[in-house]
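# Results of the structural survey
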Amino acid sequence: MTQVLVIARNTFREIMRNRVLYGLLVVAVLLIALSLALGQLTFTEQARITVDFGFAAIHLSAVILAIFVGSTLVSREIEKKTIMTLLVRPISRTQFVVGKSLGLLAVIMMSIGLLALVLAGILLLLNLRPNMAFLIGLYGICLEAAVLLCVTMFFGTFSSSMLSVSFALGVFLIGHWLDSLKYFAERSNNEAFIFVERATRAVFPNLEYFNWRSLFVYGDPVRYGDVVWVSVYCLAWAALLISVSAMVLGKRDLG
Amino acid sequence: MLEYWLGVIGPKPWSFMPVLKVSQLEKSYRLGFIPRPHRVLHGVNFELPERSITGFLGGNGAGKTTTIKCLLGLAYPNAGTVRFFNNEELTEEVKKRIGFLPERPYFYEYLTGLEFLEFYGQLSTRLKRNDLKEKSEKLLKRVDLWHARDKKLKEYSKGMVQKIGVAQALIHDPELVILDEPMSGLDPDGRFYLAEIIRETAREGRCVFFSSHLLPDAEVLCDRLVIMKSGVVTYEGGLEPFLAKMGEAAIIRFLANGREETLRVDSDSILQNELKRLLSQGAHIVDIKKDRNLEQAFIKHGLRGEGQ
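Read on for an overview of the structure.

Each value, and the rule that gives it
- Residues numbered from 1 in each chain as written.
- Chains lettered and ligands numbered in written order.
- Predicted model: local features only at pLDDT ≥ 70, side-chain atom pairs only at ≥ 80, totals over all residues.
- Heavy atoms only, no water.
- Axes fitted to C-alpha atoms, helices over the stretch in contact; angles between N-to-C directions.
- Helix = DSSP H or I, 4+ residues; strand = E, 2+ residues; numbered from the N terminus.
- Parallel < 35°, antiparallel > 145°, perpendicular 65-115°, else oblique.
- Left-handed = near helix turned anticlockwise from the far one by under 90°.
- Nonpolar A, V, L, I, M, F, W, Y, C, P; charged D, E, K, R; others polar.
- Pairing = 2+ DSSP bridges.
- Contact = heavy atoms within 4.5 Å.
- Buried area = accessible area lost by both parts, 1.4 Å probe.
- Salt bridge = Lys/Arg side-chain N within 4 Å of Asp/Glu carboxyl O.
- Polar contact = N/O pair within 3.5 Å; in protein donor to acceptor, adjacent residues only side chain to side chain.

What follows concerns the packing of helix α3 (residues 46-79) of chain A against helix α6 (residues 132-156) of chain A. Residues and elements named next belong to chain A. Where α3 contacts α6, the two axes come as close as 8 Å, and the packing angle between them is 25°. As judged from the angle between their axes, α3 and α6 are roughly parallel. Helix-helix and strand crossings are classified by hand; for α3 and α6 the assignment is right-handed. Grouping the constituent residues of the contact of α3 with α6 by class yields 16 nonpolar, seven polar and one charged.

Okay, here's the thing in structure tokens:
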């Protein structure tokens, strides 16, 4: 466990010392601030637009971090051969993969926390008090980012960072379309389409499960059973992807 | 026994367990658009005794780096065995006793020298934070990087990166230190300094195994050699026996017709004949110096294609 934490801490430090992170955070803060201005353009929907836009900015930042930084986590270590000096230490390839993921996940959670504070400040200005639904919305973003970073890292164990980004963006898009695909498949008579829809649902994570961003604005009740189930769903995907990543990396000749 | 030390490869006289024993190591890579196996190692065998500095020599593509990767579990051999210390496989416990510097190392540029050593120390030792810091600082002084301890590695020169690379290989007091081309790309000062560190490491009782293209450096550092050519070991044994086996070259300095001249001869028999000839021609022999060097012996060995 100590080895995993050492790797995670170093990964955290690596990302925190990368200027790109701060650029992304500044853009996200500006987007959240812009949500306030956009809200002014409407007469009755100011709060809804501000919340939607604010959550979208946080969601986008988390996804960008998970995919773009996640793509370099393992592939850059292999390309630059830094992995060689790590794996000759008493560290298994699984510990390496888990440590790297935890390091990036910590950065993502910290960024989400920071941006959430900015959004909460803006909401307070609009006399909207962030509640449990607000926190659950953020928690969903964290879970989605965790799955996406594991997806990206899995691709990074056997392809370049560029390809990992492309594959992960594909999974992101399909993961959000699965419900729409299901809707059309239920109304279709085409056997092939129905088969493809079922196969896609079996292979790709359904990222819409993590979407609790509208709970706060519509004042819908939080269903804690769903939250627990979706957390388990996220953990299962993360465990599967990390295990497969470690297995793929474990079979590879390095350097 | 005597034959062995004279360089005739035969049964090893060591009565102790070798630090490393490599037997029948084979490795193929699948290369090409339609991947076909390309055999790199064809049954590599050698051993490293305790407290030795062994040079791992061979031309480009001889299979040195592939062998090192197979030893350290970075690449998986197709056949053969690698055993460390008391006939142990490469386990997590064994890894704690090995230090490694890869070829053309690239380290985490965002870390400072001190952070870098602490990071590698944390991965390999169970030292407390303060003890580890103290140890890292001591090593930084030893590799002459104390002045750069708070500089990020991206600001380090190539020589400094190589030095900190050696320091990370030593942070956990390993019993076996494996260095892949530690001298490559260094200026003479850097090579001299690194050679000193390697000697000091061996004096502390560790076994050092390093690959190199730079034969003059290997000659002054090693007491043993493992030479590879085309994926097989063509020589394994002491440096001195290797040089002796490859012939005794000499340079004769003599005066003839009032002018000083030199003549290089490649073997003892040629030396005797040339001396007779020069003396019979009335030349005055000023001095005869042995001219043995690893570079010539290595080329001669390669031309003979021994071991294949």
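From this point, things continue past the structure.
As a further point, take the sheet that holds strand β11 (residues 259-265) of chain B. Strand pairing within a sheet occurs via backbone hydrogen bonds; the two strands may be parallel or antiparallel. Residues and elements named next belong to chain B. Spatially, the three strands line up as an open sheet ordered β11-β10-β12, and their pairing is antiparallel. Of all the strands in the sheet, just β11 and β12 (284-290) have a single pairing partner and so form its edges. Adjacent strand axes in the sheet meet at a mean angle of 20°, parallel and antiparallel pairs treated alike. When strand β10 (residues 250-256) meets β11, the two strands line up antiparallel, connected through seven bridges. Residue pairing in the sheet places Leu255 in a bridge with Glu260 of β11.

This paragraph deals with the interface of chain A and chain B. In this assembly, 29 residues from chain A lie in contact with 31 residues from chain B. Buried surface at the junction of chain A and chain B, summed over both partners, amounts to about 2,900 Å²; 53% is from carbon and sulfur atoms. Counting the surface chain A buries against chain B, the share from its top three residues, A:Val88, A:Arg89 and A:Pro90, is 24%. Along the contact surface separating chain A from chain B lie two salt bridges. For the salt bridge of B:Glu115 with A:Arg17, the shortest nitrogen-to-oxygen distance reads 2.8 Å. At the surface where chain A touches chain B, the tally comes to 18 residue pairs in polar contact (both at pLDDT 80 or more). Of all the secondary structure elements, the ones that give two or more residues to the side of chain A that touches chain B are α1 (2-16), α4 (82-87), α5 (93-125) and α10 (224-251) of chain A. Top contributing element to the side of chain A that touches chain B by residue count: α1(A), with eight residues.

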